[in-house]
Amino acid sequence: MKNTNLRQLAAHGCSTNEQLHVWRDILAQAVTGELVGALNYETLAELCDDATEKAEALDHATSERSHAARFNTAGREMGLNVGSNLDASYWKRIREAFLSRARANDFVGCVIAQEVMLESFAVASYQLVAAKAPGKLGSTFAEIAREEGEHIGHAVEMLQAERAGDLKSFDAKVLGVHEEVMTTLAEMVAREDPAGHCGLCEGNCVKPSLPCVGLSTGELRGASLRRYLQTLDEIGLPGESTLAWIARLPI
Amino acid sequence: MPSVDFALIGHLESWSTAAAVISALRGADRPAIRSEELREILPWIPPRTVCRVTITSSNGSEAHGVYIDSFIPPDRLAERFLRENLARVRQAAEYAVREGAKIAALGGFSSILLEGNIGALPRNSRTAFTTGNTLTVALIMRGLECALEFAGRDLGRANVLIIGASGDVGSGCARCLAPRVSQLLLCARNPNRLQALATELSESRTPVHSGTDLAQFSSQADLVICAASMPAPALSPEALSPEAIICDVGYPKNLLPGFAPAEGAVFFGGLGQVRGRLRLHPDLLGILNPQPFPDIVHGCLLEGMLLALDRRFEPFSQGRGRITPQRVQEIWDLAQKHGITLGPLCDADGPVEARISDLAGEVR
């Protein structure tokens, strides 16, 4: 991306090129996350026996693709060429974790991964970004956060009933998915990436530059974990278990 | 899982304690979390159960409960965070209801919900809420008696200063002490509440003086109770009588570590000891009880467990300024029945009984 002059920057609610670069990299994460979500819902649809559930999963997949498109549009309006990369290391691991559940025909495990973990992470981080992002970009994040929140509400009721059937094995299943998916998400927002560049940011890793737009990895991680814990509380998992789970996540 | 008789709602006293708790939950196979790392995480954790608790009375009866932490950041207890902290305590109270607790004790700062914001309690719940302040006062009284006995002094000749006198614990101590001491000096920030307490106590034969300026009383007192909701930086060791004995009942502590009059002593008040058995799962007792004695618990939380042991699921301590000597005696009798006693006198560095006993020789 070429350097943009001050007037152009101001028109996009930015005062430095670094800020613009940060929004581009944040958008790339969001777009890739939405595309992974779309693929996951399409996979989920294949696992559904019930026609209504199948249609609902496909509907969610469409909605995730539309979110990706809206993020792309918001970026374009700021003069940003927003990339996406389904092979970016963290997102690839998340998709693989989901697929391994799907291959085992584990419908509930897939719902936990997508609608509890990924959606909690999305809602919380989008809300934080929405509060800091300029103009149209901010409102796009806010609207999509609201829509993603509805996906969580949809899952909670179903998972409450599932848990009531067999508390012990349900909780063990959540822990199993947590160890794969939440560990990856926690690494994504950890201070450092021990495995190197994640494959999405255009230049260097965006994390050290987040403060220039008023964000930090600490806040993103904290808000995401809070939303996740609240969702697990709603489902009915014991607080002392879920506290220990998040305590064990990478920092 | 056994039914939940009681919930203990609290908050962690320091970042180092919080880091120790989270590190213990992380497990020995993970690197311990550092305080500075935890500062980014803890404020986001919603109130929740941290561990399961079982208390066994000295008569063999048992009660089961949970410890719920409100996760108020240890450095955000100041008044400017009041609204945010109240919301956290309210969420913790809702969590206690969700756990099905028959009684919940609100420890430390959390008691504010019952002292002045009772309308914020969860409505239509079957959980009884208590501040636990009556047992705290009972333990403070026993601690003072014990300290004076070690020091060879007579309570009847003591000039007692209470800092934070208009609070629930401070005013409870004042009511218990008024008929028994030589002079009562009351200090607090709220002049109206202070005046009301002084008027109430004026019927006792003991001279009662009150004021908002700590400096006017410091040098007159030989026994000091620090019961302020905030640290008391205005209190300096130099301003106190050199042989003053100070009982710090604050949570977090009112006095900085190392604070002591030249020839006096400081001890932590309001701590009780379970003579039966206390078990935590996971076992965080060694972290939550930093004292070098087993099964030491703050009186406010002990009151909840005590009432559960006695199957008295009632709001024993609620509101502000309702603690009377009769109620203190009632809860103390109950404590005796179940083997809850005064913990050994100690400060941040350990036992202080020998230090206080030495005062007897120094003063004479």
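Everything here concerns the structure above.
Cut-off values and rules
Residues numbered from 1 in each chain as written. Chains lettered and ligands numbered in written order. Predicted model: local features only at pLDDT ≥ 70, side-chain atom pairs only at ≥ 80, totals over all residues. Heavy atoms only, no water. Core = buried A, V, L, I, M, F, W, Y, C linked by side-chain atoms within 4.5 Å. Buried < 20%, exposed > 50% of the residue type's maximum accessible area, 1.4 Å probe, protein only. Helix = DSSP H or I, 4+ residues; strand = E, 2+ residues; numbered from the N terminus. Contact = heavy atoms within 4.5 Å. Disulfide = S-S within 2.5 Å. Buried area = accessible area lost by both parts, 1.4 Å probe. Salt bridge = Lys/Arg side-chain N within 4 Å of Asp/Glu carboxyl O. Polar contact = N/O pair within 3.5 Å; in protein donor to acceptor, adjacent residues only side chain to side chain. Nonpolar A, V, L, I, M, F, W, Y, C, P; charged D, E, K, R; others polar. Pairing = 2+ DSSP bridges. Axes fitted to C-alpha atoms, helices over the stretch in contact; angles between N-to-C directions. Parallel < 35°, antiparallel > 145°, perpendicular 65-115°, else oblique. Left-handed = near helix turned anticlockwise from the far one by under 90°. Patch = residues over 30% accessible without salt bridge, like charges linked within 9 Å, V, L, I, M, F, W, Y side chains within 5 Å. Areas by Shrake-Rupley, 256 points an atom, 1.4 Å probe, with all protein chains shown as cover. Lys, Arg positive; Asp, Glu negative; His and termini not counted. Charge placed at Lys NZ, Arg CZ, Asp CG, Glu CD. Expected span 1.5 Å × (residues − 1).

**With respect to the nonpolar core**
Thought 1: Formed by 173 residues in total, the largest nonpolar core has its most connected members in Trp-23 and Phe-141 of chain A together with Ile-162, Leu-177, Leu-184, Ile-225 and Ile-356 of chain B.
Thought 2: Top contributing element to this core by residue count: helix H5 (residues 107-132) of chain A, with 16 residues.
Thought 3: Leave out the neighbours within four places in its chain, and Leu-177 of chain B touches Met-141, Leu-144, Leu-155, Val-160, Ile-162, Leu-184 and Ile-225 of chain B.

**Quick notes on the environment of Ala-105 of chain B**
Thought 1: For Ala-105 of chain B, the location among the structural elements is in strand S4 (residues 103-106).
Thought 2: C-alpha of Ala-105 of chain B to C-alpha of Ser-317 of chain B: the two residues are 212 residues apart in sequence and 9.2 Å apart in space.

**Considering the state of the cysteines**
Residue and element names in this part refer to chain A.
Thought 1: Taken as a whole and assessed by the stated rule, the structure comprises zero disulfides over all chains.
Thought 2: Here Cys-198 stays unpaired: no disulfide links it, and the sulfur of Cys-201, its closest cysteine neighbor, is 4.8 Å away.
Thought 3: The exposure class of Cys-201 is buried, given its relative accessible area of 7%.

**Some details on the interface of chain B and chain A**
Thought 1: Taken together, the contact between chain B and chain A spans 23 residues of the former and 23 residues of the latter.
Thought 2: For the pair chain B and chain A, the summed buried area comes to about 2100 Å², and 54% of that belongs to carbon and sulfur atoms.
Thought 3: When the buried surface of chain B facing chain A is broken down by residue, Arg-26, Trp-44 and Arg-48 of chain B rank first, second and third, together holding 34% of it.
Thought 4: Along the contact surface separating chain B from chain A lie five salt bridges.
Thought 5: Among the salt bridges present, the one from Asp-29 of chain B reaches Arg-248 of chain A, with a minimum N-O distance of 2.9 Å.
Thought 6: At the junction of chain B with chain A, the criterion picks out twelve residue pairs in polar contact (both at pLDDT 80 or more).
Thought 7: Listed by contribution, the elements that provide at least two residues to the side of chain B that touches chain A are helix H1 (15-26), helix H2 (35-41), strand S2 (48-56) and helix H3 (82-99) of chain B.
Thought 8: By residue number, the principal contributor to the side of chain B that touches chain A is S2 of chain B, which donates five residues.
Thought 9: Residues of the side of chain B that touches chain A, tallied by class, amount to eleven nonpolar, two polar and ten charged.

**Some points on helix H9 (residues 239-247) of chain A**
Thought 1: When you tally the buried positions in H9 of chain A, you get eight out of nine residues, the bulk of the element.
Thought 2: What H9 of chain A keeps buried is the set Gly-239, Glu-240, Thr-242, Leu-243, Ala-244, Trp-245, Ile-246 and Ala-247 of chain A.
Thought 3: Elements in contact with the buried residues of H9 of chain A: helix H7 (167-188) and helix H8 (217-235) of chain A together with H1, S2 and H3 of chain B.

**Observations regarding the sheet that holds strand S11 (residues 265-268) of chain B**
Residues and elements named next belong to chain B.
Thought 1: Ordered by their spatial adjacency, six strands build an open sheet running S8-S7-S6-S9-S10-S11, and the pairing between neighbours is parallel. Only two strands of the sheet have a single neighbouring strand rather than two, namely strand S8 (208-211) and S11. Across the sheet, the mean angle from the axis of one strand to that of its neighbour is 15°, orientation sign disregarded.
Thought 2: Sheet analysis places strand S6 (residues 159-163) next to strand S7 (residues 183-187), joined by five bridges and oriented parallel. When the bridges of S7 are listed, Asn-159 appears paired with Gln-183.
Thought 3: In this fold helix H6 (residues 168-177) packs onto S6, S7 and strand S9 (223-226), with an angle of close to 160° to the strand it touches most, S6.

**Some words on the sheet that holds strand S14 (residues 296-298) of chain B**
Residues and elements named next belong to chain B.
Thought 1: Strand order in this open sheet of three strands is S14-S12-S15, and the pairing throughout is antiparallel. A single partner strand is all that each edge strand has here, and the edge strands are S14 and strand S15 (340-342). In this sheet, adjacent strand axes meet at a mean angle of 45° when their direction is disregarded.
Thought 2: As paired elements, strand S12 (residues 271-274) and S15 share three bridges and run antiparallel to each other.

**Here we look at the packing of helix H3 (residues 51-77) of chain A against helix H6 (residues 135-165) of chain A**
Residue and element names in this part refer to chain A.
Thought 1: Contact geometry for H3 and H6: axes closest at 10 Å, N-to-C directions at 170°. One finds that H3 runs roughly antiparallel with respect to H6. Crossing hand, H3 versus H6: left-handed. Within the contact between the two elements, H3 uses Glu-56, His-60, Ser-63, Glu-64, His-67, Arg-70, Phe-71, Ala-74 and Glu-77 and H6 uses Lys-136, Leu-137, Thr-140, Phe-141, Glu-143, Ile-144, Glu-147, Glu-148, His-151 and His-154.
Thought 2: The residue inventory of the contact of H3 with H6, partitioned by class, reads five nonpolar, six polar and eight charged.

**Points about a negative patch on the surface**
Residues and elements named next belong to chain A.
Thought 1: Taken together, the side chains of Asp-49, Asp-50, Glu-53, Glu-56 and Asp-59 define an acidic patch exposed on the protein surface.
Thought 2: Here Glu-56 shows up in helix H3.
Thought 3: Glu-56 gets classed as partly exposed once you look at its relative accessible area, which sits at 32%.

**Focus: the side chain of Thr-130 of chain B**
Residue and element names in this part refer to chain B.
Thought 1: If you trace the backbone, Thr-130 turns up in strand S5 (residues 128-130).
Thought 2: Engagement of the side chain of Thr-130 in a polar contact is seen with the backbone nitrogen of Gly-132, the distance being 3.3 Å.
Thought 3: One polar contact links the side chain of Thr-130 to the main-chain amide nitrogen of Ser-317, over a distance of 3.0 Å.
Thought 4: Those residues in contact with Thr-130, other than ones at most four positions away along the chain, are Ile-103, Ala-104, Ala-105, Leu-106, Leu-114, Glu-303, Gly-304, Leu-307, Phe-316 and Ser-317.

**Some words on helix H11 (residues 325-337) of chain B**
Residues and elements named next belong to chain B.
Thought 1: End to end, H11 covers 18 Å across 13 residues, agreeing with the expected 18 Å (1.5 Å per residue, within 8%).
Thought 2: For H11, the elements touching its buried residues are helix H5 (133-151), H6, helix H10 (299-309) and S15.
Thought 3: Phi turns positive, to about 75°, at Gly-339, one or two residues after H11.

**What to know about unusual backbone geometry**
Thought 1: In the segment running from His-281 of chain B into Pro-282 of chain B, the intervening peptide bond is cis, with an omega of 0°.
Thought 2: Its identity as a non-glycine residue notwithstanding, Asn-105 of chain A has a phi of 60°, on the positive side.
Thought 3: Looking at where Asn-105 of chain A falls in the secondary structure, it is placed in the loop between helix H4 (89-103) and H5.
Thought 4: You can call Asn-105 of chain A exposed: its relative accessible area is 57%.
Thought 5: Its identity is not glycine, yet Phe-71 of chain B carries a phi of approximately 55°, on the positive side.
Thought 6: With respect to the element layout, Phe-71 of chain B can be found in the loop between strand S3 (62-69) and H3.
Thought 7: Given a relative accessible area of 1%, Phe-71 of chain B falls into the buried group.

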